[in-house]
Amino acid sequence: MTLFRNRIDAGEKLAWELGEFHGGNTVVVGLPRGGVPVAAEVARQLGAPLDVLPVRKVGHPSQPELAIGAIAQGGFLVRNEALTGDSGVSDADFEALVNRERRELVRRAANYRGDRPPLDLANKVVVLVDDGLATGATMRAAVAAARGLGAARVIVAVPVASPETRALLEAEADQVVCVAEPTAFGSVGEWYADFNQTTDAEVNELLKGSRPS
């Protein structure tokens, strides 16, 4: 069963759940790449500015899709101690993986932002948007980054999440807004009819469209 036609449809449905944050002191921040199309639609409907917060999953050496940690721009790091301990990933191995992802994080930040400064998040209500929550590692890093940048409130907003991960994020964010929490949660993509990979070019086009002329 699918819940969303694509990320735009997911953003429309998510925006309905976020009506209390319309305009005012709200900033919508998408997690690239897949969270940005969702965030762009949310920002449009809320009448809020859109920005991007580069984050990178730290994948397991033998299972790259399994997040054993995550990093966010600004030096913020989250480590999944349970997964790293159980899977035999040493501290040295983890540090090497983090350093590799940091290089990619720097490249993407430069690509997405260029010479455009990030939006000021100090004393703002920051709505962090992704296309879904599986392990939640990248979102946890984003929450830490938003708090480090002085956000007054940090709202995690996703179309779909595993119930366990939502509970984990509720302990770290001020509020979690989610359209659906399927109990039999396998992966984020299974809930979308179209879950094609978002490209850097698409992210840049969405960000360009959100900037004042």
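Overview of the structure. (Residues numbered from 1 in each chain as written. Predicted model: local features only at pLDDT ≥ 70, side-chain atom pairs only at ≥ 80, totals over all residues. Heavy atoms only, no water.)

This paragraph deals with the sheet that holds strand 3 (residues 55-59). One open sheet accounts for 3 strands, arranged 3-4-5; its pairing is antiparallel. Looking at strand neighbours, the two that pair on one side only are strand 3 and strand 5 (76-79), the edges of this open sheet. Sheet twist, expressed as the mean angle between neighbouring strand axes with direction ignored, is 20°. Two elements, strand 3 and strand 4 (residues 67-72), share 5 bridges in a ladder whose sense is antiparallel. Bridge pairing in strand 4 links lysine 57 to alanine 70. Along the sheet face, helix 4 (residues 91-113) touches strand 3, strand 4 and strand 5 and points at about 150° away from the line of strand 3. Across the sheet, helix 5 (residues 137-148) is in contact with strand 3, strand 4 and strand 5; its angle to strand 4 comes to roughly 25°. (Pairing = 2+ DSSP bridges. Helix = DSSP H or I, 4+ residues; strand = E, 2+ residues; numbered from the N terminus. Axes fitted to C-alpha atoms, helices over the stretch in contact; angles between N-to-C directions. Contact = heavy atoms within 4.5 Å.)

Position of glycine 186 among the secondary structure elements: in the loop between strand 8 (175-180) and helix 7 (200-210). Separated by 126 residues in sequence, glycine 186 and histidine 60 place their C-alpha atoms 18 Å apart.

Here we come to the sheet that holds strand 7 (residues 153-160). Strand order across the open sheet formed by 5 strands is 2-1-6-7-8, with parallel pairing between neighbours. Every interior strand has two partners, whereas the edge strands, strand 2 (50-52) and strand 8, have only one. Across the sheet, the mean angle from the axis of one strand to that of its neighbour is 25°, orientation sign disregarded. For strand 7 and strand 8, the ladder comprises 5 bridges, and the chain directions are parallel. Bridge pairing in strand 8 links isoleucine 155 to glutamine 175. Against the sheet, helix 1 (residues 7-17) touches strand 6 (125-129), strand 7 and strand 8, its axis set at about 130° to strand 8.

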